[in-house]
Amino acid sequence: MRLAIQLLLWVVIIFLAYLTFDAVYQPIQFNKVKEKRYAKVIENLKDIRQAELAHKEVIGKFQDNWDSLVAFIDTAEFAITQRRDTTFLDEEYRKNYGVDRYVESVVIDTLGFVPVKDSLFQGNRERYTTMMNVPVEGVDAKFELKAGTVKKGESDIPVFEAKVAKSVVLSDQDKDLILQENEVVSVEQVNGRYIKVGSMNEVNTKGNWPKVYGDE
């Protein structure tokens, strides 16, 4: 009887030790997976932001359709310009008042054009034609993309937002840990339920990730 009790106690001790180990080990592994996947997702979001900013510079607004955005990068060009100061005689003023008056002005010369895809992606078609896909093995999903305007004073300012839910990026991980991740609030973490860049509610083209993942 005494031997049986000792064996039972050892089983209980081993089981409790396993639970303690698992409680520590699982979050550590979860964080490793999370950080690796977030880094890949954020790289795509940075590419999307570059593409959207280029679209706004050339077209004047952001784009909410992936096919159209890729087609834009394929065909659009940036103008290479040079800004120079100049001074000229105001002939109308001289005619009316008989006095010479010189007016200072700024002239912008167009020197040439460069393809957007070469400027942003150095001809790497693979990057911008797949940037809309969530880059996680086993996850068949695209980033959500929206574009529109927000009112600021009397003006309608173009805005865009690209995002993916953390639950999509971490779909094969422990559900309780995903729920905890959705509630995180910290300057060193990605806060909220989504990893995103831009905003549909304010004029903002930053990402919601910390500096450890690079420029916001």
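In what follows, the structure referred to is the one given above.
To start, this report covers the structure provided alongside it. (Residues numbered from 1 in each chain as written. Predicted model: local features only at pLDDT ≥ 70, side-chain atom pairs only at ≥ 80, totals over all residues. Heavy atoms only, no water.)

Considerations on the overall build of the protein chain
Summing up its helical and strand segments, the protein chain has 7 helices and 5 strands in all. Counting from the amino terminus, the protein chain carries its helices and strands in the arrangement α-α-β-α-β-α-α-β-β-α-α-β. Intrachain contacts of the protein chain at a sequence separation of at least 6 include 60% that bridge at least 24 residues. (Helix = DSSP H or I, 4+ residues; strand = E, 2+ residues; numbered from the N terminus. Contact = heavy atoms within 4.5 Å.)

Quick word on helix H2 (residues 66-75)
A turn of α-helix holds 3.6 residues, and therefore any two residues three or four places apart point the same way. Here H2 has its buried residues at Trp66, Leu69, Val70, Phe72 and Ile73. For H2, the angular spread of buried residues about the axis comes to 155°, placing them on one side. Every exposed residue of H2 that faces more than 90 degrees away from the buried side is listed here: Asp67 and Thr75. A distance of 3.1 Å separates the backbone nitrogen of aspartate 67 from a side-chain oxygen at the start of H2, and that oxygen is part of asparagine 65. (Buried < 20%, exposed > 50% of the residue type's maximum accessible area, 1.4 Å probe, protein only. Arc of directions from axis to C-beta. Polar contact = N/O pair within 3.5 Å; in protein donor to acceptor, adjacent residues only side chain to side chain.)

A closer look at the sheet that holds strand E5 (residues 194-198)
One open sheet holds the 3 strands; their spatial order is E3-E4-E5, and the pairing between them is antiparallel. Only two strands of the sheet have a single neighbouring strand rather than two, namely strand E3 (144-152) and E5. In this sheet, adjacent strand axes meet at a mean angle of 25° when their direction is disregarded. Sheet topology note: the E3/strand E4 (residues 155-165) ladder contains 9 bridges and is antiparallel. Bridged to leucine 145 within E4 is alanine 162. (Pairing = 2+ DSSP bridges. Axes fitted to C-alpha atoms, helices over the stretch in contact; angles between N-to-C directions.)

Concerning the environment of aspartate 90
Looking at where aspartate 90 falls in the secondary structure, it is placed in the loop between strand E1 (77-89) and helix H3 (91-97). Residue class for aspartate 90 comes out buried when judged on its relative accessible area of 14%. Sequence separation of aspartate 90 and tyrosine 102 is 12 residues, and the distance between their C-alpha atoms is 5.7 Å. Excluding anything up to four places from it in sequence, aspartate 90 contacts Arg101 and Val103.

Some remarks on the packing of aromatic side chains
This structure, assessed with the given rule, holds 2 aromatic pairs. Between the aromatic rings of phenylalanine 62 and phenylalanine 160, the centroid separation amounts to 4.9 Å while the plane-to-plane angle is 50°, which identifies the pairing as tilted. With phenylalanine 62 in the loop between helix H1 (2-59) and H2 and phenylalanine 160 in strand E4, this pair connects stretches of sequence that are 98 residues apart. Here the two residues phenylalanine 62 and phenylalanine 160 agree in accessibility, since each one is buried. Centroid distance phenylalanine 121 to tyrosine 128: 5.4 Å. Interplanar angle 40°. Geometry classified as tilted. When the ring centre of tyrosine 194 is taken as reference, the NZ or CZ atom of lysine 163 above it lies at 4.2 Å. (Phe/Tyr/Trp six-rings, centres within 6.5 Å; stacked < 30°, edge-to-face > 60°. Lys NZ or Arg CZ within 6 Å of the ring centre and 35° of its normal.)

No statement about biological role is implied by the geometric values presented.
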